[in-house]
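Breakdown of the fold
Here is how the chains run, residue by residue.
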Amino acid sequence: MTDQASYASAIEASAEMRLMRQQNLPFVAEVVGRAFCGATMVEIEEVSILRIIGLVRSELVERGYELPQDPEKYLTDWIKPSSGEGWFTTRLDDFNERMIILKPAGRRVISFVEMLGVSTSSLSESALSSLGGFVTESAARISGSSDDYIAMLERQKRDIDDRISATRDRGVQEADEGEKKDMAARLSSEISAMVNGFAQIPGEIRAMAQENEEFIQSSDAPLVERFSEILDRRQGYRQSAQYKTLEALHEIHVSAAEKDRFQSAIEVLVEACREHLSKEDVRRARTLFPALTRIATKVIEEHASLSRRFEEIFRDPDFAKRHAEARALKGARDAMIALRDHGGLGRRDPRLAELGLRVPVFPMPGNLVNDLRFSKPALLAPVVYETAPFPDFEDFEGSMDMTLGQVGKGQFLEKGAIISRIEEVRKHIPEPTLCDVIAAYPPSYGTEELAAYLWVAGSETPSRYRPGSLFDAVIQAGDREVVIRCPNPVFPASGTPGEGLEDFLAFTRFSSMNELLENIPWGGPRAHFSTTSEAGDLVDAE
Amino acid sequence: MASFADLNPIVEGLLSKGGISALRSPDLFDKVLSEDRRIRDWLDALGMELVVEKVNGYAIARNRRPEDLEAQAEDLGVGRIDPVVSRRPLKHWQSVVLVQLKTALDREKRGEGREEWTLEEDLVDQTKVYFPPEQLEDEAGVVKQVRQILEAFASANVAPLVMKRTQVGKTFWRGTPWLDLAVTADDIRDYQRRMLAVVMESFEARGEEVPEQIQHAMDALAA
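Nothing here was measured: the structure is a model prediction, and the numbers come from that model.

Re the overall build of chain A
Looking only at helices and strands, chain A features 22 helices and seven strands. The proportion of buried residues among the 542 residues of chain A is 26%. Taking contacts inside chain A between residues at least 6 apart in sequence as the whole, the part at least 24 apart equals 73%.

Concerning the overall build of chain B
What chain B contains, in helices and strands, is 10 helices and seven strands. Summarising the internal contacts of chain B: among those between residues at least 6 apart in sequence, 50% fall at separations of at least 24.

Comments concerning the nonpolar core
Leu179 and Met195 of chain B are the most contacted members of the largest nonpolar core, which has 64 residues in total. The contacts of Met195 of chain B, once residues within four sequence positions are left out, are Ala335, Met336, Leu339 and Leu355 of chain A. Ranked by size, the runner-up nonpolar core spans 42 residues in total, among them Ala35, Met41, Tyr74 and Val109 of chain A.

So, the interface of chain A and chain B
The partner chain B presents 66 residues to the 55 residues of chain A that form the contact. When contributions to the side of chain A that touches chain B are tallied by element, the ones reaching two or more residues are α14 (279-315), α15 (319-342), β4 (358-361), α20 (501-507) and α21 (513-519) of chain A. A per-element tally of the side of chain A that touches chain B places α15 of chain A first, with 17 residues. When β4 of chain A meets strand β4 (residues 86-89) of chain B, the two strands line up antiparallel, connected through four bridges. Residue pairing in the sheet places Arg358 of chain A in a bridge with Pro89 of chain B of β4 of chain B.

Here we look at the pairing of strand β6 (residues 162-167) of chain B
Inspection of the sheet shows β6 of chain B paired to strand β7 (residues 170-175) of chain B by six bridges, in the antiparallel sense. Bridge pairing in β7 of chain B links Thr166 of chain B to Thr171 of chain B.

Comments concerning the sheet that holds strand β3 (residues 58-63) of chain B
Taken in spatial order, the three strands line up as β1-β3-β2 (chain B) in an open sheet, and their pairing is antiparallel. Bordering the open sheet on either side are β1 (20-21) and β2 (48-53) of chain B, each of which pairs with just one other strand.

Regarding helix α8 (residues 146-170) of chain A
Given a rise of 1.5 Å per residue, 25 residues ought to cover 36 Å, and the 36 Å separating the end C-alpha atoms of α8 of chain A matches this to within 8%. Gly171 of chain A lies just past α8 of chain A and shows a positive phi near 80°.

Quick look at the sheet that holds strand β5 (residues 118-119) of chain B
Consider a sheet: its strands pair through backbone hydrogen bonds, and that pairing is either parallel or antiparallel. Residues and elements named next belong to chain B. Strand order in the open sheet formed by three strands is β5-β7-β6, and the pairing between neighbours is antiparallel. On the outer flanks of this sheet lie β5 and β6, each paired with one strand and no other. Most of the contacts of helix α7 (residues 139-154) go to β6, to which it runs at about 110°, and overall it touches β6 and β7.

A closer look at the packing of helix α4 (residues 46-62) of chain A against helix α5 (residues 71-79) of chain A
Residues and elements named next belong to chain A. Where α4 contacts α5, the axes come no closer than 9 Å and their chain directions differ by 110°. In terms of orientation, α4 and α5 fall into the roughly perpendicular class. For the element pair α4 and α5, the recorded crossing hand is right-handed. Within the contact between the two elements, α4 uses Ile49, Leu50, Ile53, Gly54 and Arg57 and α5 uses Pro71, Glu72, Tyr74 and Leu75. Of the residues contributing to the contact of α4 with α5, the split by class is six nonpolar, one polar and two charged.

Re the confidence of the model for chain A
All names here are of chain A. When pLDDT is averaged along chain A, the result is 75; 76% of the residues meet or exceed 70. Taking the mean pLDDT of every element in chain A, the minimum, 32, falls on helix α22 (residues 535-538) and the maximum, 92, on α4. Predicted confidence for residues 365-404 stays below pLDDT 50, and this span has 102 contacts to residues more than four positions away or in other chains. The low-confidence segment residues 521-542, where pLDDT is below 50, has 38 contacts with residues more than four positions distant or belonging to other chains.

As for helix α19 (residues 446-459) of chain A
Residue and element names in this part refer to chain A. For α19, which comprises 14 residues, the first-to-last C-alpha distance of 21 Å matches the rise-based estimate of 20 Å (1.5 Å per residue) to within 8%. Within α19, 11 of the 14 residues are buried, which leaves the element mostly enclosed by the surrounding structure. If you check which residues of α19 are buried, you get Gly446, Thr447, Glu449, Leu450, Ala451, Tyr453, Leu454, Trp455, Val456, Ala457 and Gly458.

What about the pairing of β2 of chain B?
On a regular strand, one side chain projects to one face of the sheet and the next to the other, so that they alternate. Pairing analysis gives six bridges linking β2 of chain B to β3 of chain B, with the strands arranged antiparallel. Bridging from a neighbouring strand, Val52 of chain B pairs with Ala59 of chain B of β3 of chain B.

Here we look at the packing of helix α3 (residues 25-35) of chain A against α4 of chain A
Each packed pair of helices is defined by two parameters, the angle between the axes and the distance between the axes. Residues and elements named next belong to chain A. Look at α3 against α4: their axes get within 9 Å of each other, and the N-to-C directions meet at 135°. In terms of orientation, α3 and α4 fall into the oblique class. Handedness of the α3/α4 crossing: right-handed. Two secondary-structure elements touch here, α3 through Phe27, Glu30, Val31, Arg34 and Ala35 and α4 through Ile49, Ile52, Ile53, Val56 and Leu60. When its residues are assigned to classes, the contact of α3 with α4 shows eight nonpolar, no polar and two charged.

Digging into the confidence of the model for chain B
Residues and elements named next belong to chain B. Taken residue by residue, chain B gives an average pLDDT of 85. The fraction at 70 or more is 96%. At the level of individual helices and strands, chain B shows its lowest average pLDDT in β4, which scores 81, and its highest in helix α9 (residues 185-205), which scores 91. As scored by the predictor, the complex reaches a pTM of 0.52 and an ipTM of 0.85.

Thoughts on the environment of Val361 of chain A
Within the secondary structure layout, Val361 of chain A lies in strand β4. On the basis of neighbour count, Val361 of chain A is assigned to the exposed category, with 12 C-beta atoms found within 10 Å. With residues up to four places along the chain from it excluded, the contact list for Val361 of chain A reads Val85, Ser86, Arg87 and Arg88 of chain B.

A look at the environment of Pro430 of chain A
With respect to the helices, strands and loops of the structure, Pro430 of chain A is situated in the loop between α17 (415-426) and α18 (434-440). On a C-alpha basis, the gap between Pro430 of chain A and Ala493 of chain A in space is 7.7 Å, while along the polypeptide they are 63 residues apart.

Points about the environment of Leu161 of chain B
If you trace the backbone, Leu161 of chain B turns up in the loop between α7 and β6. Leu161 of chain B sits 60 residues away from Leu101 of chain B along the chain, and the two C-alpha atoms are 9.4 Å apart. If sequence neighbours within four positions are ignored, Leu161 of chain B has contacts with Val359 of chain A together with Leu98, Phe153, Gly175, Thr176, Trp178 and Leu179 of chain B.

Rules of the game
Residue positions within a chain follow its written sequence, with the count starting from 1. Chain letters and ligand numbers both follow the written order, the letters beginning at A and the numbers at 1. Reporting in this predicted model follows two pLDDT cut-offs: at least 70 for local features of residues, and 80 or more for side-chain atom pairs to be given and counted; totals over whole chains, interfaces and linings ignore these cut-offs and use all residues. A run of H or I in DSSP counts as a helix once it spans at least four residues, and a run of E counts as a strand once it spans at least two, with each numbered from the N terminus. Neighbour counting defines burial: a residue surrounded by 20 or more other C-beta atoms within 10 Å of its own C-beta is buried, one with 12 or fewer is exposed, and intermediate counts give partly exposed, using backbone-placed C-beta atoms. We call two residues in contact when their backbone-placed C-beta atoms lie within 7 Å. We define a nonpolar core as a collection of buried residues of the types Ala, Val, Leu, Ile, Met, Phe, Trp, Tyr and Cys that are connected via C-beta atoms lying within 7 Å of each other. Two strands form a pair only when DSSP identifies at least two bridges running between them. Working rule for helices: expected span equals 1.5 Å times residues minus one. Angular values range over 0 to 180 degrees, each being the angle between N-to-C directions of two axes fitted as lines to C-alpha atoms, with helices fitted over their stretch in contact. Angles below 35 degrees are treated as roughly parallel, those above 145 as roughly antiparallel, those between 65 and 115 as roughly perpendicular, and all remaining angles as oblique. Each crossing is labelled by how the near helix is turned from the far one, with a counterclockwise turn of less than a right angle marking it left-handed and a clockwise turn marking it right-handed. As a working rule, the residues Ala, Val, Leu, Ile, Met, Phe, Trp, Tyr, Cys and Pro are called nonpolar, Asp, Glu, Lys and Arg charged, and the rest polar, with Gly in that last group. Residue-level confidence of the predictor is summarised by pLDDT, bounded by 0 at the bottom and 100 at the top.

Encoded structure:
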């Protein structure tokens with residue numbers, strides 16, 4: 001409400017005025033008028049409004065409007081304009097569909113547009129009558145005197161009795177054209193006012209729920225006090241005019257007789273006043289009650305479900321934990337704002353690099369070494385192979401040679417090459433062990449090659465492990481010697497990779513793969529220890 | 001020594017694949033529930049604990065809190081127990097994105113079990129709020145950066161923190177159960193503490209007094 005002295009500031013602050021100044025007002029008004037009516041008077045699916053935008057755009061372009069953008073672009077602008085006021089907000093419904101909601105200011109603009117050209121002088125009589133009833137009743141209530149209030153009700157009763165008796169004597173006086181015109185204007189105006197007010201209720205309920213949730217999460221008060229406060233707020237809302245409207249509509253919705261009576265009355269009124277109503281008014285009048293009652297029921301259900309949700313929050317045994325988590329998140333968001341405003345952050349501020357959350361790094365990431373599968377029979381006699389010396393890159397004459405060496409190594413350790421070597425050995429030994437394969441194909445790339453065999457055994461080709469089955473490989477790397485105690489899987493012709501791994505692990509004195517891994521000298525030429533004397537430490541028995 | 005051999009697939013799932021999902025491996029998840037005690041014993045020795053989210057059907061292993069480890073070491077009479085899982089620090093903007101998604105997961109848990117997927121545009125808008133205004137002058141750059149962060153999280157091979165889906169040409173994002181379980185309230189408070197420390201340093205560097213509100217938040221964290 002505005003007093004005369006502040007008209008200017010009211011206009012400056014008015015979202016409605018900013019919306020009405022928009023260049024595409026005829027376009028958006030037409031879209032809103034078609035989209036937000038009947039069952040979709042409160043919200044509409046994104047896909048439906050996009051279809052309406054496309055349709056309206058085509059019609060207006062035919063009439064000479066220039067509307068070059070896609071419907072998606074217009075919708076985005078009306079939700080989040082680069083400057084000025086937005087018409088819509090959004091939410092995801094229960095099926096994760098994006099719903100478009102008309103903002104209250106947008107609805108008031110459309111209501112104003114709907115009433116353009118309608119003479120409101122005829123409404124003054126009905127308005128005067130409503131005002132008279134309202135002020136008389138309010139004055140009687142405010143006086144606090146029961147006698148005054150009863151006297152007012154008696155007067156109303158006498159008035160109704162007089163009208164009943166007059167109707168009995170003379171019958172109902174038929175409405176003339178002038179009265180029908182007034183009825184049509186009032187119908188149109190009341191529908192507009194009703195829809196305007198009603199459409200804001202779901203948003204208010206959701207806002208209240210959000211506010212309550214903020215309260216629950218941010219308050220330090222004891223649980224019982226927080227719960228009482230929420231109950232008080234809910235009770236307060238149930239006493240409000242909005243909730244009473246919803247309840248009244250819900251009652252109509254659930255009573256078939258009530259619904260029929262209302263709908264029949266509207267039909268009679270619309271038929272009688274048809275020539276004074278626009279096509280749009282007729283449609284709005286006919287769909288009003290079915291749509292309102294249906295939406296009211298939905299909103300009441302939503303309200304009830306929000307209430308249940310709060311009760312569940314309090315009853316949840318994990319409430320304290322969740323409360324702590326929600327508060328921590330809120331604290332982090334507040335700190336993020338403080339950092340934005342006072343941290344003096346530059347675009348490449350080095351402080352940002354390690355400021356964030358700490359996330360776990362797995363002890364067994366999915367790389368080659370950790371895909372190792374441990375093996376079975378203990379072949380404790382050392383198997384010694386000469387291997388190619390570790391390449392000394394300084395001796396390489398050029399980078400081409402280096403690349404060639406790396407490509408050759410890559411090919412040699414590639415999955416297909418490893419499997420073909422295993423298959424080749426299987427032609428001579430039906431179920432070769434890794435030890436047999438290495439005997440046939442001495443390793444050229446030391447520990448990496450052994451690891452590649454184990455990776456293939458663990459994930460790519462049938463293999464079987466037996467508890468305690470290990471062998472020692474002595475790797476000659478140039479002038480250095482490395483002993484590797486290595487799992488020794490069998491490679492049968494059929495089966496799955498890594499069979500029996502669990503039993504193999506259980507056989508060791510280690511309680512985890514990680515611990516076992518740490519005790520196998522995968523570190524390459526840096527590690528060195530003698531062979532057989534340590535075998536008993538690694539396995540419990542054989 | 002007690003055998004844990006039959007737990008191997010569970011151990012592999014917990015430590016190598018980031019967790020066990022009832023959706024992907026229902027039998028394995030059932031086994032986690034039935035072998036709960038033994039798995040906890042096994043993880044205990046590694047300084048870790050089992051966390052099971054029965055509603056979403058997800059189980060992970062995570063480090064026990066330092067104070068719990070200290071207490072455990074004292075009970076056992078050993079010097080100290082270090083968890084085998086290390087943690088790596090994320091960058092600030094990565095964490096800002098995760099806080100948004102973790103907040104959505106938190107709302108989801110307090111909802112009626114409905115998954116809350118956030119539209120990419122909305123998530124970008126929520127994240128932009130935390131960028132200083134001068135950085136937002138290059139808005140396209142900021143949007144690109146946020147999208148890159150999301151894509152990188154979602155494409156992790158092991159335990160991705162974020163997942164995405166597209167519907168009617170729109171992209172939606174949601175935190176994974178791993179994000180929900182692995183990033184705890186303590187982790188978030190640590191992050192908050194580091195941010196506030198930077199803010200306080202900035203005030204001190206400018207020779208200005210630290211606002212009461214920030215000092216109060218820092219004191220509350222210390223308490």
